[in-house]
Amino acid sequence: MVSILQLVQNLMHGDEDEEPQSTRIQNIGEQGHIALLGHSLGAYISTLDKEKLRKLTTRILSDTTLWLCRIFRYENGCAYFHEEEREGLAKICRLAIHSRYEDFVVDGFNVLYNKKPVIYLSAAARPGLGQYLCNQLGLPFPCLCRVPCNTMFGSQHQMDVAFLEKLIKDDIERGKLPLLLVANAGTAAVGHTDKIGRLKELCEQYGIWLHVEGVNLATLALGYVSSSVLAATKCDSMTLTPGPWLGLPAVPAVTLYKHDDPALTLVAGLTSNKPADKLRALPLWLSLQYLGLDGIVERIKHACQLSQRLQESLKKVNHIKILVEDELSSPVVVFRFFQELPGSDPVLKAIPVPSMAPSAVGRERHSCDALNRWLGEQLKQLVPASGLTVMDLEVEGVCIRFSPLMTAAVLGTRGEDVDQLVACIQSQLPVLTCTLQLREEFKQEVTAAAGLLHVDDPNWPGIGVVRYEHANDDKSSLKLDPEGEKIHAGLLKKLNELESDLTFKMGPEYKSMKSCIYVGMASDDVDISELVETIAVTAREIEENSRLLENMTEVVRKGIQEAQVQLQKANEERLLEEGVLRQIPVVGSVLNWFSPVQASQKGRTFNLTAGSLESTEHTYVYKVQGTGVTPPQTPSGTRTKQRLPGQKPFKRSLRGSDALSETSSVSHVEDLEKMEHLSSGPEQDALETTSPEPPPGAPSPQEAEPLGAPQSRVQRPEDDRPQVEDAESLR
């Protein structure tokens, strides 16, 4: 037993080293343990005698069904318990087919072929529901009819009842049979409720089965229920998910329905004579016994109060738009950050005017979507108990959803978590607004800078994306550029070493494989011109250094070959000067003893700075290594900006701030000038007062004219310092 438990634990937590998680298992309270105990207890009960098992399972099923119907105000209903949420709707469709097609059991699909059934779904239904129904029922996709939502009046997430009636009439004229309508009491996206009362009247008129599902059905257990949700109690069937609502793990979903023919419900699979199928209700039976009516109502009421608390708080926050303002009793809150476009009506927030170009509107839409996606991820990390989800709506764009009915019972969300969530939203708003204000300026500065290309990435929430175009960059190619990737990697390293408040990342371009630098969010006023200039100058220096290193090997190789040729030629000249007799071993030694040769040591030195060969004769004469001709210093394009102590890079200067007076600005400028003078003054004075007189014993300038560089080296030894600095910079 210990070995088996250890094996199960390894299977559960074996991948935590690769993908670390914050919690290993969700928080399970006492009610959760009761629900899990129901599964074990059901396995023990299944070993009882058949007669006792039949009585016990029938009693458990009938009691659970009666309690659920009373709690959720569904009179005289039956219950079907299922693991998959959509399975109950599939069984209801089978029941509707058997009810409307009397010969379906005998003739099968031939009956459906002569008069095709039609299932109506809202355009706001959860994705994949229609495809699942067709796969389970064996129906072709033309049997599905997607009803659009309101476009002119009412909520944009509610089913258009007038258009639905028109579709039903058209299908009847074409010889089809309107079979079933799926309505929403809380859509999967934003929690809007359809006009179920009008839909029920329409279904009774044309003999259509009405099925309702949604998270708002949980509010039927409360004392006050909105009229639109209360109308769901008159529908033909509804699907409930008490597990997430009450924080009960491994509890089945329930489909409540009304039908008088037990034979058809048995054929459709809604009822079963097997005790194992009836025991599915045991975990829920135990949980309802443990919680009681007051506990169930309290949990649902607490979730609704959390959503109302967040909704009321968000109404007071600027730049936050709530999408469920007309749903006063909805337990789902959907909101998003918006930018008030120039030229738009302040009353109609975030609705662009028709005069704006479609490209500009689309660009603003993508920008807001990226920022809302970033905001949602930040809030999920800062307040994990909120249970937020980020979703992409077709009309509104990326939004953030708070649905405490589905998450509060499991995560233990409290009112303090909602207050913390609102505080985090308010703290992130300055970052979002500041980033939006700097985006256009960043684009203009990058466009005006030489060698930089602005990349328009709609999925990046930061200030912008920039790419450095090196000399060998093929602009028309979209393939990976190894040289550009190397330059951008060095640029990213240099930018991160500056320790600024901005974050920099490197990645491929939005439409190609070329590397780019992604500039993150700005939490404060940033000097965009300094930022862009730093990026351009740093990238240019990295490119020049990389070229120098690439050419160094070839230059050194050619220098060595040239030095070998010159040394060989000098050796031949030395042989001609000394003669052949001096090369004979014994004779040469005697001859050198009588008449020694005053031969100087000759060699070659390679100047990396100038790229030329020089003689080493003056090195042995004056015992000082030659420096050659020092090349002029390359001017740098970097602006030397004086910063206050503790001021980070890319911050705007305080000179232009309104918080400082003119007197303080002038004094600040004078202090900076004094600092520059003190730092450069002593060196400049030392250079001016240096005596140009040569040391004693050194030859005169006329005599030292042929030597050139060695004479100047003896007179001013301090000239060696620039050479050392140049060598260090080359290194």
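Per chain, the residues get numbers from 1 upward, laid out in the order the sequence is written. Predicted model: local features are reported for residues with pLDDT of at least 70 only, side-chain atom pairs are reported and counted for 80 or more only, and whole-chain, interface and lining totals are derived from all residues. Excluding hydrogens and water, the side-chain values take into account all heavy atoms of the structure.

As recorded in an unreviewed UniProt entry, the protein goes by the name Pyridoxal-dependent decarboxylase domain-containing protein 1, listed as coming from Vulpes vulpes. Quoted verbatim from the Cofactor (unreviewed entry) field of UniProt, the annotation for the protein is "pyridoxal 5'-phosphate". UniProt positions are given in the numbering used here, feature names are shortened, and annotations may be inferred rather than shown by experiment. Quoted verbatim from the Sequence similarities (unreviewed entry) field of the UniProt record, the comment on the protein reads "Belongs to the group II decarboxylase family."

Colleague: What exactly am I supposed to notice about helix 4 (residues 87-100) here?
Modeller: Three- or four-residue spacings in an α-helix give side chains the same orientation, since the helix completes a turn every 3.6 residues. Secondary structure elements follow DSSP: runs of H or I of four or more residues count as helices, runs of E of two or more count as strands, with numbering from the N terminus. What a helix should span is 1.5 Å times the count of its residues minus one. Relative to the 20 Å expected for 14 residues at 1.5 Å per residue, helix 4 spans 20 Å between its end C-alpha atoms, a close match to the ideal helical length. Each residue gets one of three labels from its accessible area relative to the maximum for its type: buried under 20%, exposed over 50%, partly exposed in between, using a 1.4 Å probe on protein chains only. Regarding helix 4, the residues found buried are Gly88, Leu89, Ala90, Ile92, Cys93, Leu95, Ala96, Ile97 and His98.

Colleague: Quick question: what am I supposed to make of the packing of helix 8 (residues 161-173) against helix 9 (residues 196-206) here?
Modeller: When two helices pack together, their arrangement is given by the angle between the helix axes and by the axis-to-axis distance. Lines fitted to C-alpha atoms define the axes, with helix axes restricted to the stretch in contact, and inter-axis angles between N-to-C directions lie between 0 and 180 degrees. Direction vectors running N to C along helix 8 and helix 9 enclose 15°, while the axes themselves pass 11 Å from each other. By the angle between their axes, helix 8 is roughly parallel relative to helix 9. As helix 8 packs across helix 9, the resulting crossing turns out to be right-handed. Contacts from Val161, Leu164, Glu165, Ile168, Lys169 and Ile172 of helix 8 reach helix 9 at Arg198, Leu199, Leu202 and Tyr206. An angle counts as roughly parallel when it lies under 35 degrees, as roughly antiparallel when it exceeds 145, as roughly perpendicular when it falls between 65 and 115, and as oblique in every other case. Helix crossings fall into two classes, left-handed where the near helix is turned counterclockwise from the far one by less than a right angle and right-handed where it is turned clockwise. Contacts are assigned to residue pairs that have any heavy atoms within 4.5 Å of one another.

Colleague: Could you clarify how one ought to interpret the packing of aromatic side chains in this entry?
Modeller: Two measures describe an aromatic ring pair: the distance that separates the ring centres and the angle between the ring planes. Stacked, tilted and edge-to-face are the three classes applied to pairs of Phe, Tyr and Trp rings, where Trp contributes its six-membered ring and a pair requires centres within 6.5 Å; stacked means planes under 30 degrees apart, edge-to-face means over 60, and tilted covers the rest. On inspection of all chains with the given rule, the structure shows four aromatic pairs. Seen in terms of ring centroids, Phe72 and Trp245 are 6.0 Å apart; in terms of plane orientation they differ by 55°. Their pairing is tilted. Of this pair, Phe72 sits in the loop between helix 3 (50-71) and strand 1 (78-82) while Trp245 sits in helix 11 (residues 242-246), and the two are 173 residues apart along the sequence. We classify Phe72 as buried; its relative accessible area is 4%. Their ring planes at 65° and their centres at 5.0 Å tell us that Trp460 and Tyr518 sit as a pair that is edge-to-face. Taken together, the positions of Trp460 in the loop between strand 12 (452-455) and strand 13 (464-468) and Tyr518 in strand 15 (residues 515-519) put the pair 58 residues apart, joining distant regions of the chain. According to the relative accessible area criterion, Trp460 is buried, its value standing at 17%. In this scheme, Lys NZ or Arg CZ marks a charge over a ring once it lies within 6 Å of the ring centre and within 35 degrees of the ring normal. The side chain of Arg86 reaches across the aromatic face of Tyr132, ending 4.2 Å from its centre. Over the ring of Tyr74 we find Lys258; its NZ or CZ atom is 4.6 Å from the centre of that ring.

Colleague: I would appreciate a short explanation of the sheet that holds strand 11 (residues 397-402) in the present structure.
Modeller: The strands making up a sheet associate through hydrogen bonds between their backbones, and the pairing can be parallel or antiparallel. Overall, antiparallel pairing links the four strands, which are arranged 8-9-11-10 in an open sheet. With one partner strand each, in any of the chains shown, strand 8 (320-322) and strand 10 (389-393) form the two edges of the open sheet. Each strand axis lies, on average, 35° off the axis of its neighbour in the sheet, ignoring direction. In this scheme, strands are said to pair when DSSP sees at least two bridges between them. Sheet analysis places strand 10 next to strand 11, joined by five bridges and oriented antiparallel. Each bridged residue has a counterpart across the sheet, and for Leu393 the counterpart in strand 11 is Gly397. Together, strand 8, strand 9 (333-337) and strand 11 form the strand contacts of helix 17 (residues 415-448), whose direction differs from that of strand 9 by roughly 25°.

Colleague: Help me out: how do you make sense of the pattern of salt bridges in this one?
Modeller: Any two side chains of opposite charge can pair, on the condition that their charged atoms come close. Take a side-chain nitrogen of Lys or Arg and a carboxyl oxygen of Asp or Glu: if they are within 4 Å of each other, that pair is a salt bridge. One pass over the structure, following the stated rule, counts 14 salt bridges. In this structure, the salt-bridge partner of Arg126 is Glu85, at a minimum N-O distance of 3.1 Å. Linking Arg126 in the loop between strand 2 (117-122) and helix 7 (129-137) with Glu85 in the loop between strand 1 and helix 4, this pair joins segments that are 41 residues apart in sequence. The partner of Lys200 in a salt bridge is Asp236, and the shortest N-O contact between them spans 3.6 Å. Of this pair, Lys200 sits in helix 9 while Asp236 sits in the loop between helix 10 (227-230) and strand 6 (237-240), and the two are 36 residues apart along the sequence.

Colleague: Sorry if this is basic, but what is going on with helix 2 (residues 30-45) here?
Modeller: Given a rise of 1.5 Å per residue, 16 residues ought to cover 22 Å, and the 22 Å separating the end C-alpha atoms of helix 2 matches this to within 8%. When we look at burial in helix 2, the residues that qualify are Gln31, Gly32, Ala35, Gly38, Gly42 and Ile45. Here the buried face of helix 2 lies against helix 3, helix 11 and helix 14 (282-314).

Colleague: Looking at this structure, how should I read unusual backbone geometry?
Modeller: Excluding glycine, residues mostly carry a negative phi; peptide bonds, for their part, are mostly trans. Its identity is not glycine, yet Asn76 carries a phi of approximately 55°, on the positive side. Accessibility expressed as a relative area gives 73% for Asn76, which makes it exposed. In the Ramachandran plot, His319 falls in the positive-phi region, its phi being about 65° despite a non-glycine side chain. Tracing the sequence through the fold places His319 in the loop between helix 14 and strand 8.

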